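Okay, here's what each chain looks like letter by letter:
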Amino acid sequence: MLHSSNLLHSSPLLYRLLLHPTKFKPRFLFYPPLIPPPPPPPFHPLKLFSMATSSSSHSHSHKYTNRLASEQSPYLLQHAHNPVDWYPWGEEAFSEARRRDAPIFLSIGYSTCHWCHVMEVESFEDEGVAKLLNDWFVSIKVDREERPDVDKVYMTYVQALYGGGGWPLSVFLSPDLKPLMGGTYFPPDDKYGRPGFKTILRKVKVAWDSKRDMLVKSGASAIEQLSEALSASSVSDKLPDGVSDEALGLCSEQLSGSYDSKYGGFGSAPKFPRPVEINLMLYHSQKLEDTGKAGEANRSQKMVFFSLQCMAKGGIHDHIGGGFHRYSVDECWHVPHFEKMLYDQGQLVNVYLDAFSITKDTFYSCIARDILDYLRRDMIGPEGEIFSAEDADSAEFEGATRKKEGAFYIWTTVEVEEILGDHAALFKEHYYIKQPGNCDLSKMSDSHNEFKGKNVLIERKDASEMASKYGMSVETYQEILGVCRRKLFEVRSRRSRPHLDDKVIVSWNGLAISSLARASKILKSEVEGTKFNFPVVGTEPKEYLAIAEKAAFFIRKQLYNMETHRLYHSFRNSPSKAPGFLDDYAFLIAGLLDLYEFGGGISWLLWAIELQETQDALFLDKDGGGYFNNTGEDTSVLLRVKEDHDGAEPSGNSVSAINLIRLASMVSGSKAEHYKRNAEHLLAVFENRLKDMAMAVPLMCCAADMLCVPSRKQVVVVGERTCEEFESMLAAAHALYDPNRTVIHIDPNNKEEMEFWEVNNSNIALMAKNNYTTNKTVALVCQNFTCSPPVTDHSSLEALLSKKSSSSP
């Protein structure tokens, strides 16, 4: 859950409403407690803080079965045997509320959400609570990952009114779905001087019976005012000069001001990896370097690299199985909230790949591989689909009735000693493993002694110092650690696994497709013979491209309607009823553009263009500019929001702006102008945000700057796709970090490709014809309407791209 002091970081869109409270004063009868006091052990109070977290398919006696039993969502199925008479979101529930003239109780969460599970056990499995809900309310359960549009409406309402929010979200609605009052997690009984859930239910019932008109009126007024505040539009069709430059500088300055020089990262505990911050800092440092400010550029880069190293060495990184957990409860990235989300993995791979492109230090490429190998091992289905999340909780031992957070991931010294034998001492020293447990680095790491005697692996020793202490080479030392990790992995894989949410979400798959495609070429810059140790298995980079394409094929086959050109939002056994939302289109288009630019076929670019047309038709505000988060076709969803906050996931508008800029650099003529105009108008909508709260929109700051780059660099690779040098040339085109570069590759023997370019950019088609020689691959670098002389080997291309262009922005 979110503390109100973190509102700027969590949902700055709502910040406006709080800055201007006079505009927004619905009258409420009482304010339910939003953020409960720290619960008693064994739960960790900081787990209340955010994007919350954890539960699992748990066994129920099947004394009760409700309508959720026929749903696909793992979260809804977890509640199918509650005594509460749950309905899924839909007309059946709404008409029942109208028929009974009863208020609706709406509960929103997700399957890997820890506090959702707590509230289920305490309240929704309680027959007394169920009786109150069944007698007085129509109860609806929503999976926020399946219906982010519904979640957005009521989360926005709760945050705007009470200054915080989180999951589970508990909101009371009128039969016409207007919110009446709401909160988050409620304990079952009154405690700490706050009303419990049963008291809340009685109060809402009394209020509904005695003061209904006032309640309904204030709910309608709240929605009306939110709708006005959250659908910004702009009469101007582009940003005024200088805004993008200022926003980029301001965002970098604000982030630098919140930089933690001791432990890395931006901001204080609890610490979240927010990859968009890294994106901004790297983008800005590149710009500083291009304009001759090498010292400043270096300072920004140092912050990024140190942060990425601290995260990778911390307990937030799963050293045994790869991948990253959601966040750390302390400031030193040590004790995580153990859930793993797909959206984090995809974005983190990309920032580690960027760090590798800049430094060529295989520390970063190794972490990128570690995450991708975790996805391959644990998160990919038989048809290439990539699953959503893994829970934080799991059973400590076979047959345990309760699950415990982190049980799958933590170790005692005895276990480590028994498994590792002679190497135990070295391993324990390297990963700070201690007999009383190691969660003592911060007073926030384990404030309830949940992890007493347990260890969360964290690297606190320098490998070269340790190697010399043990009288061995660094390589041998790293090999021993790898062997030890594999042994622990084998033991761990026999433990009870955390629940896997095997729902396939299009937007999150888009983020993963992007990182897999990029890895396939960027990792080719690793020095030949680079050795990897477990959990990295050292895949051939081109295999990552095949995995990315397989995931994209799955979405095209299962989640895309060829006739209407529309996406569905998610899949589990079959496509969900929910249509695709803005993020699904934007993130998938970005993934497809990467899939094409990093070596996939022209069909991915064609599909990206097709999806962009559908996105414009469904979500674009043609008069006001920018994109709404949903289509507006579902009348049960009361708000259409133009989301701008780049948080744990980037916003659909920021990603769309970059997609439009990239598309405009590939095609020519009126189509390119059309993309550019839409990007300019979109950014104009968010002018005030860029000027006043740049830190809330880091990716949008990058997009605004990209649009101002006078001429994007184009690298055109011409040759036969089957030839080895073609692959090497593509790898060289992508070897250096350059966010303002477009790579186009074309095989003149491919009829479909040549036809595409003849129609969409005849210059490219001409270049291909004029520079094609059998058995040779040729590359040209074009900027400011002029192209370099053709180069015919990859090292010449890399040398050409590493020269600083005199016309760089």
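None of these values were measured; they are calculated from a predicted model.

### A look at the UniProt feature "domain: Spermatogenesis-associated protein 20-like TRX" (unreviewed entry) in the protein
- UniProt feature "domain: Spermatogenesis-associated protein 20-like TRX" (unreviewed entry): in the numbering of this structure it lies at residues 65-226.
- Between the end C-alpha atoms of residues 65-226 the distance is 37 Å, and the span holds 49% helix and 15% strand.

### Quick notes on the packing of aromatic side chains
- For the structure on display, the rule yields 30 aromatic pairs.
- Between the aromatic rings of phenylalanine 338 and phenylalanine 451, the centroid separation amounts to 6.0 Å while the plane-to-plane angle is 70°, which identifies the pairing as edge-to-face. Taken together, the positions of phenylalanine 338 in the loop between β7 (336-337) and β8 (340-341) and phenylalanine 451 in the loop between α16 (424-430) and α17 (463-469) put the pair 113 residues apart, joining distant regions of the chain. Both residues of the pair, phenylalanine 338 and phenylalanine 451, count as buried.
- Centroid distance phenylalanine 554 to phenylalanine 571: 5.1 Å. Interplanar angle 85°. Geometry classified as edge-to-face. Here phenylalanine 554 is found in helix α20 (residues 541-558), whereas its partner phenylalanine 571 is found in strand β16 (residues 570-572), with 17 residues between them in sequence.
- Assessed through its relative accessible area of 2%, phenylalanine 554 is described here as buried.
- Phenylalanine 571 sits in the buried class, given a relative accessible area of 11%.
- One aromatic cluster is present, built from ring pairs that chain together Trp86, Phe105, Phe124, Phe137, Phe172, Phe186 and Phe197.

### Some words on the state of the cysteines
- Here the structure, examined in full by the defined rule, presents two disulfides.
- One disulfide bridge connects cysteine 113 with cysteine 116, the sulfur atoms lying 2.1 Å from each other. Here the S-S torsion is close to 80°, and the disulfide linking cysteine 113 with cysteine 116 is therefore right-handed.
- A relative accessible area of 3% means that cysteine 116 is categorised as buried.
- Residue pairing for cysteine 782: its cysteine sulfur links by disulfide to cysteine 787, the two sulfurs lying 2.1 Å apart. Around the S-S axis, the bridge from cysteine 782 to cysteine 787 shows a dihedral of about 105° and counts as right-handed.
- Look at cysteine 782 and you get buried, because its relative accessible area is 6%.

### A few points about helix α9 (residues 212-229)
- In this model α9 runs 26 Å from its N-terminal to its C-terminal C-alpha over 18 residues, within 8% of the 26 Å that 1.5 Å per residue would give.
- For α9, the full list of buried residues reads Leu215, Ser218, Gly219, Ala222, Ile223 and Leu226. Viewed end-on, α9 has its buried residues packed into an arc of 135°, placing them on one side of the element. Away from the buried face of α9 by more than 90 degrees, exposed residues Asp213, Lys217, Glu224 and Glu228 are located.

### So, the pairing of strand β5 (residues 179-183)
- Among the five residues in β5, five count as buried, and that is most of the element.
- Examined bridge by bridge, strand β4 (residues 169-173) and β5 share four bridges and lie antiparallel to one another. Across the sheet, the residue bridging to valine 171 is glycine 182, located in β5.
- From the end of β4 to the start of β5, which pair antiparallel, there are five residues, and leucine 177 there has a positive phi angle of about 75°.

### Examining the nonpolar core
- Membership of the largest hydrophobic core comes to 137 residues, with the highest contact counts inside it found for Tyr352, Leu605 and Trp757.
- The biggest single contributor to this core is helix α21 (residues 582-597), with eleven residues.
- The contacts of leucine 605, once residues within four sequence positions are left out, are Leu593, Tyr596, Leu663, Met666, Phe756 and Trp757.
- Ranked by size, the runner-up nonpolar core spans 63 residues in total, among them Ala93, Val142, Tyr157 and Leu169.

### Here we look at the environment of glycine 421
- Locating glycine 421 in the fold gives a position in the loop between α15 (413-420) and α16.
- Each C-alpha atom, one on glycine 421 and one on methionine 466, is 18 Å from the other, the two residues being 45 residues apart in sequence.

### Regarding the sheet that holds strand β21 (residues 786-787)
- Read from one edge of the open sheet, four strands run β19-β18-β20-β21, paired in mixed fashion. Of all the strands in the sheet, just β19 (741-746) and β21 have a single pairing partner and so form its edges.
- Here five bridges tie strand β18 (residues 713-718) to strand β20 (residues 778-783), and the two strands are oriented antiparallel to one another. The partner of valine 718 across the bridge, within β20, is valine 778.
- Relative to β19, helix α27 (residues 724-733) is tilted by about 170°, and along the sheet it contacts β18, β19 and β20.

### Quick word on the packing of helix α10 (residues 243-257) against helix α11 (residues 275-290)
- Contact geometry of α10 with α11 gives a least axis separation of 10 Å together with a crossing angle of 120°. Between α10 and α11, the angle falls in the class oblique. In this structure, the crossing between α10 and α11 has a hand that is left-handed. On α11, the residues that touch Asp245, Leu248, Gly249, Cys251, Ser252, Leu255 and Ser256 of α10 are Glu277, Leu280, Met281, Tyr283, His284 and Lys287.

### Things to note about the pattern of salt bridges
- This model, assessed by the stated rule, comprises 50 salt bridges.
- Glutamate 396 serves as the salt-bridge partner of lysine 454, at 3.5 Å between the closest nitrogen and oxygen. Separated by 58 residues along the polypeptide, lysine 454 in the loop between α16 and α17 and glutamate 396 in the loop between β10 (393-395) and β11 (403-405) bring together distant segments of the chain.
- Each of Asp143, Glu145, Asp501 and Lys503 takes part in salt bridges that share partners, so that together they form one network.

What counts and what doesn't
Residues numbered from 1 in each chain as written. Predicted model: local features only at pLDDT ≥ 70, side-chain atom pairs only at ≥ 80, totals over all residues. Heavy atoms only, no water. UniProt positions renumbered as here; feature names shortened; annotations may be inferred. Helix = DSSP H or I, 4+ residues; strand = E, 2+ residues; numbered from the N terminus. Phe/Tyr/Trp six-rings, centres within 6.5 Å; stacked < 30°, edge-to-face > 60°. Buried < 20%, exposed > 50% of the residue type's maximum accessible area, 1.4 Å probe, protein only. Disulfide = S-S within 2.5 Å. Expected span 1.5 Å × (residues − 1). Arc of directions from axis to C-beta. Pairing = 2+ DSSP bridges. Core = buried A, V, L, I, M, F, W, Y, C linked by side-chain atoms within 4.5 Å. Contact = heavy atoms within 4.5 Å. Axes fitted to C-alpha atoms, helices over the stretch in contact; angles between N-to-C directions. Parallel < 35°, antiparallel > 145°, perpendicular 65-115°, else oblique. Left-handed = near helix turned anticlockwise from the far one by under 90°. Salt bridge = Lys/Arg side-chain N within 4 Å of Asp/Glu carboxyl O.

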